[in-house]
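Spelled out, the chains give:
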Amino acid sequence: QQQVKQSPQSLIVQKGGISIINCAYENTAFDYFPWYQQFPGKGPALLIAIRPDVSEKKEGRFTISFNKSAKQFSLHIMDSQPGDSATYFCAASKPRGSTLGRLYFGRGTQLTVWP
Amino acid sequence: DSGVTQTPKHLITATGQRVTLRCSPRSGDLSVYWYQQSLDQGLQFLIQYYNGEERAKGNILERFSAQQFPDLHSELNLSSLELGDSALYFCASSVVGDNQPQHFGDGTRLSIL
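So, a few notes on the structure that sits alongside this text. Quantities reported herein were computed from a predicted structural model and do not represent experimental measurements.

## Things to note about the interface of chain A and chain B
- At the interface, 22 residues of chain A touch 24 residues of chain B.
- Along the contact surface separating chain A from chain B lie one salt bridge.
- A salt bridge links B:Asp106 to A:Lys42, with the shortest nitrogen-to-oxygen separation between them at 3.5 Å.
- For the pair chain A and chain B, the number of links is six residue pairs in polar contact (both at pLDDT 80 or more).
- Of all the secondary structure elements, the ones that give two or more residues to the side of chain A that touches chain B are strand E4 (33-38), strand E9 (86-93) and strand E10 (103-105) of chain A.

So, in structure tokens, the structure goes:
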């Protein structure tokens, strides 16, 4: 059973546009929500993360929006660039003492930014 | 560069064989995690070690085992390999603490012929 559901599976955006990737979860015990970026031949790299006590976190062109009541969170990439073309994964983790930080990943979104 | 080193990068072997994948965590990281990435299942957690001890298990097959050594490097052993074991295997490491970021290596691509 997929504990974190991610959509869309693929996304094509024009350069300068906004890329939006959505994720949803069911388990209210999750309290840490990172996003990872993966380029071909490389491992996932942490992009940005949020905890459920805040509704938004911004780092440069990347913003996470978090809706605790809806159990949804999303990644917004502003002014998308061809170099942002990669696969993006949302993930969730439970607090220490349960399963000690293992990440539950969404299935990934392949983003293509056209120049 | 994440600081996590995985070897080998590629491994090609046959069904029924046994292989060992190696991971060196970032300096100072005591926790090591193993994940499997496949088209069918996506990124799936296999097992976690902390300072030499097993701490959490995911959907890891009984044919698979892992260990973490005193120098903190970890090895994932896969035996009686099947075609379906073909996948990317990633190691990640983190420091101690609640929800500390996990830093991933570039993986080992395992191909079973």
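From this point, the narrative continues.
## What about the environment of B:Leu61?
- Its place among the elements puts B:Leu61 in the loop between strand E6 (53-57) and strand E7 (64-68).
- In the structure, B:Leu61 is positioned 11 residues away from B:Leu72 in sequence and 23 Å away in space, judged by C-alpha atoms.

## Structural notes on the state of the cysteines
Residue and element names in this part refer to chain B.
- Counted by the stated rule, this structure contains two disulfides over all chains.
- Two residues share a disulfide in this structure: Cys23 and Cys91, whose sulfurs sit 1.8 Å from each other. Taking the torsion about the sulfur-sulfur bond, which here is approximately -50°, the covalent link between Cys23 and Cys91 counts as left-handed. In this pair, Cys23 sits in strand E3 (residues 19-24) while Cys91 sits in strand E9 (residues 87-94), placing the two residues 68 residues apart along the sequence. Each of the two residues, Cys23 as well as Cys91, counts as buried.

## Observations concerning the side chain of B:Ser31
All names here are of chain B.
- Looking at the secondary structure, you find Ser31 in strand E4 (residues 31-38).
- Side-chain polar atoms of Ser31 contact the side chain of Gln48, separated by 3.3 Å.
- Discounting residues that sit within four places of it in the chain, Ser31 has contacts with Gln48, Tyr49, Tyr50, Ala92, Ser93 and Ser94.

## Details of the nonpolar core
- One finds A:Val4, A:Phe33, A:Trp35, A:Phe73, A:Leu75 and A:Tyr88 to be the most contacted residues of the largest nonpolar core, which totals 25 residues.
- Looking at this core, the elements with two or more residues in it are strand E2 (10-14), strand E3 (19-25), E4, strand E5 (45-50), strand E7 (62-67), strand E8 (72-77), E9 and strand E11 (109-114) of chain A.
- The element that contributes the greatest number of residues to this core is E9(A), accounting for four residues.
- With sequence-adjacent residues up to four places away left out, A:Phe73 is seen in contact with A:Val4, A:Ile21, A:Asn22, A:Cys23, A:Tyr25, A:Phe33, A:Trp35, A:Ser65, A:Phe66, A:Cys90 and A:Ala91.
- If you look at the next biggest cluster of nonpolar residues, it comprises 21 residues, including B:Leu11, B:Val19, B:Ala66 and B:Leu78.

Parameters and conventions
- Residues numbered from 1 in each chain as written.
- Chains lettered and ligands numbered in written order.
- Predicted model: local features only at pLDDT ≥ 70, side-chain atom pairs only at ≥ 80, totals over all residues.
- Heavy atoms only, no water.
- Contact = heavy atoms within 4.5 Å.
- Salt bridge = Lys/Arg side-chain N within 4 Å of Asp/Glu carboxyl O.
- Polar contact = N/O pair within 3.5 Å; in protein donor to acceptor, adjacent residues only side chain to side chain.
- Helix = DSSP H or I, 4+ residues; strand = E, 2+ residues; numbered from the N terminus.
- Disulfide = S-S within 2.5 Å.
- Buried < 20%, exposed > 50% of the residue type's maximum accessible area, 1.4 Å probe, protein only.
- Core = buried A, V, L, I, M, F, W, Y, C linked by side-chain atoms within 4.5 Å.

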